[in-house]
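One-letter residues, chain by chain:
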Amino acid sequence: MSENNKIGSYKFVAEPFHVDFNGRLTMGVLGNHLLNCAGFHASDRGFGIATLNEDNYTWVLSRLAIELDEMPYQYEEFGVQTWVENVYRLFTDRNFAVINKDGKKIGYARSVWAMINLNTRKPADLLTLHGGSIVDYVCDEPCPIEKPSRIKVTVTEPVATLTAKYSDIDINGHVNSIRYIEHILDLFPIELYKTKHIRRFEMAYVAESYYGDELSFFQEEVNENEYHVEVKKNGNEVVCRSKVLFE
């Protein structure tokens, strides 16, 4: 299989209801597009969620790092490419490139996924599934951004709390991974978004949270323009951590 056949390419438009007050695509919508492309790419190759669900498996996003020079503007066409970089026994690395209307790569993303058994919630061995054929899709396309880093938060007082509601819950019955991104970015004042843009954004997912859980957000500025955020449910259990770097 040629390297080009291992890369999935998908087209989008920055719809007016997908942009923020600056007219730029929001990080949450971009995140949704990336996850959708991962799904399209996996489905086209026999590893999609619908096929896996028949065997009681599903994909779970573990880590996501996005780095951008700019965001697509309202009504602009843009593209997303995705490919599999590595396959390990319990995890797989999937990368993305974001391409603007002129064909220029304006950003990249890295993600780490696990496949879990829906009954036991335990990780599946990717190298035995389908005879290990998932490794046939590994591609050496470059992704020139750093891998997701370790995120540490030391503050003990939350800056915000909220209760997980109807619009937070996805088809799996827990808080949607993208909703955490939106809630985290809501922690920052709108004045910040008037003068700066997000250069790099990272998420590390630790545990699931559900309808009615109280989510507490702990935020720390660790360097100038660099913030670490930790989200806990019901006062103690960490559900995710995030790093936001503004420029």
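Keep in mind the model is a prediction, meaning the values are calculated, not measured.

1. A few points about the pairing of strand β10 (residues 237-246)
Stage number 1. Burial within β10 is extensive, with seven of its 10 residues counted as buried.
Stage number 2. In this structure, strand β7 (residues 198-205) lies alongside β10, joined through seven bridges in antiparallel fashion. Residue pairing in the sheet places Y205 in a bridge with C240 of β10.
Stage number 3. Linking strand β9 (residues 226-233) to β10, which pair antiparallel, is a turn of three residues; within it N234 sits at a positive phi near 50°.

2. Topic: the environment of A124
Stage number 1. You can see A124 is positioned in the loop between β5 (105-117) and β6 (160-163).
Stage number 2. Taking the relative accessible area as the measure of exposure, A124 reaches 8% and is therefore buried.
Stage number 3. Remark: the alpha-carbon pair of A124 and R45, spanning 79 residues in sequence, is separated by 18 Å.
Stage number 4. Excluding residues within four positions of it along the chain, A124 makes contact with Y57, R89, L90, M115 and I116.

3. Examining helix α3 (residues 177-185)
Stage number 1. The buried fraction of α3 amounts to seven of the nine residues, a majority that puts the element mostly inside the structure.
Stage number 2. Among the residues making up α3, those that are buried are S177, I178, Y180, I181, H183, I184 and L185.
Stage number 3. The backbone nitrogen of I178 has a side-chain oxygen 2.7 Å away, supplied by the residue at the start of α3, namely N176.

4. Observations concerning the sheet that holds strand β1 (residues 8-13)
Stage number 1. Across the sheet, which stays open at both edges, the 10 strands sit in the order β1-β3-β4-β5-β2-β7-β10-β9-β8-β6 with antiparallel pairing between neighbours. Edge positions in the sheet fall to β1 and β6, since each has one partner strand and no second. Along the sheet, successive strands turn relative to each other by an average axial angle of 20°, direction set aside.
Stage number 2. With eight bridges connecting them, β9 and β10 associate as antiparallel partners. Bridged to E230 within β10 is R241.
Stage number 3. Sheet contacts for α3: β2 (57-68), β6, β7, β8 (214-223), β9 and β10; angle to β7, the most-contacted strand, approximately 130°.

5. So, the side chain of R94
Stage number 1. Along the chain, R94 falls in strand β4 (residues 92-99).
Stage number 2. For the buried R94, which has no salt bridge, the nearest side chain bearing the opposite charge is D44, at an N-O separation of 9.5 Å.
Stage number 3. Polar side-chain contacts of R94 include one of 3.0 Å to the side chain of T82.
Stage number 4. Apart from the residues within four sequence positions on either side, R94 is in contact with A38, H41, A42, T82, W83, V84, E85, A109, R110, S111 and W113.

6. Some details on the pattern of salt bridges
Stage number 1. A complete count under the given rule lists 16 salt bridges for this structure.
Stage number 2. Among the salt bridges present, the one from R199 reaches D69, with a minimum N-O distance of 2.5 Å. Taken together, the residues R199 in strand β7 and D69 in the loop between β2 and β3 (77-87) connect sequence positions 130 residues apart.
Stage number 3. Under the relative-accessibility criterion, R199 is labelled partly exposed at 22%.
Stage number 4. When its relative accessible area of 42% is taken as the criterion, D69 is described as partly exposed.
Stage number 5. For R89, the salt bridge goes to D125, with nearest N and O atoms at 3.9 Å. Of this pair, R89 sits in the loop between β3 and β4 while D125 is found in the loop between β5 and β6, placing the two residues 36 residues apart along the sequence.

7. Quick notes on the UniProt feature "domain: Acyl-ACP thioesterase-like C-terminal" (unreviewed entry) in the chain
Stage number 1. Within this numbering scheme, the UniProt entry marks residues 160-230 as carrying the feature "domain: Acyl-ACP thioesterase-like C-terminal" (unreviewed entry).
Stage number 2. Between the end C-alpha atoms of residues 160-230 the distance is 11 Å, and the span holds 21% helix and 38% strand.

8. Concerning the packing of aromatic side chains
Stage number 1. Counted by the stated rule, this structure contains seven aromatic pairs.
Stage number 2. Note on Y10 and F40: the rings are 5.5 Å apart at their centroids and 50° apart in plane angle, and the pair reads as tilted. Of the two residues, Y10 is situated in strand β1 and F40 in helix α1 (residues 27-44); the sequence distance between them amounts to 30 residues.
Stage number 3. F40 sits in the partly exposed class, given a relative accessible area of 40%.
Stage number 4. The interplanar angle of 70° and the centroid separation of 4.9 Å between the aromatic rings of F188 and Y227 together place this pair among those described as edge-to-face. You can see F188 sitting in the loop between α3 and α4 (190-195) and its partner Y227 sitting in strand β9, a full 39 residues away along the chain.

Calculation rules
Residues numbered from 1 in each chain as written. Predicted model: local features only at pLDDT ≥ 70, side-chain atom pairs only at ≥ 80, totals over all residues. Heavy atoms only, no water. Buried < 20%, exposed > 50% of the residue type's maximum accessible area, 1.4 Å probe, protein only. Helix = DSSP H or I, 4+ residues; strand = E, 2+ residues; numbered from the N terminus. Pairing = 2+ DSSP bridges. Contact = heavy atoms within 4.5 Å. Polar contact = N/O pair within 3.5 Å; in protein donor to acceptor, adjacent residues only side chain to side chain. Axes fitted to C-alpha atoms, helices over the stretch in contact; angles between N-to-C directions. Lys, Arg positive; Asp, Glu negative; His and termini not counted. Salt bridge = Lys/Arg side-chain N within 4 Å of Asp/Glu carboxyl O. UniProt positions renumbered as here; feature names shortened; annotations may be inferred. Phe/Tyr/Trp six-rings, centres within 6.5 Å; stacked < 30°, edge-to-face > 60°.

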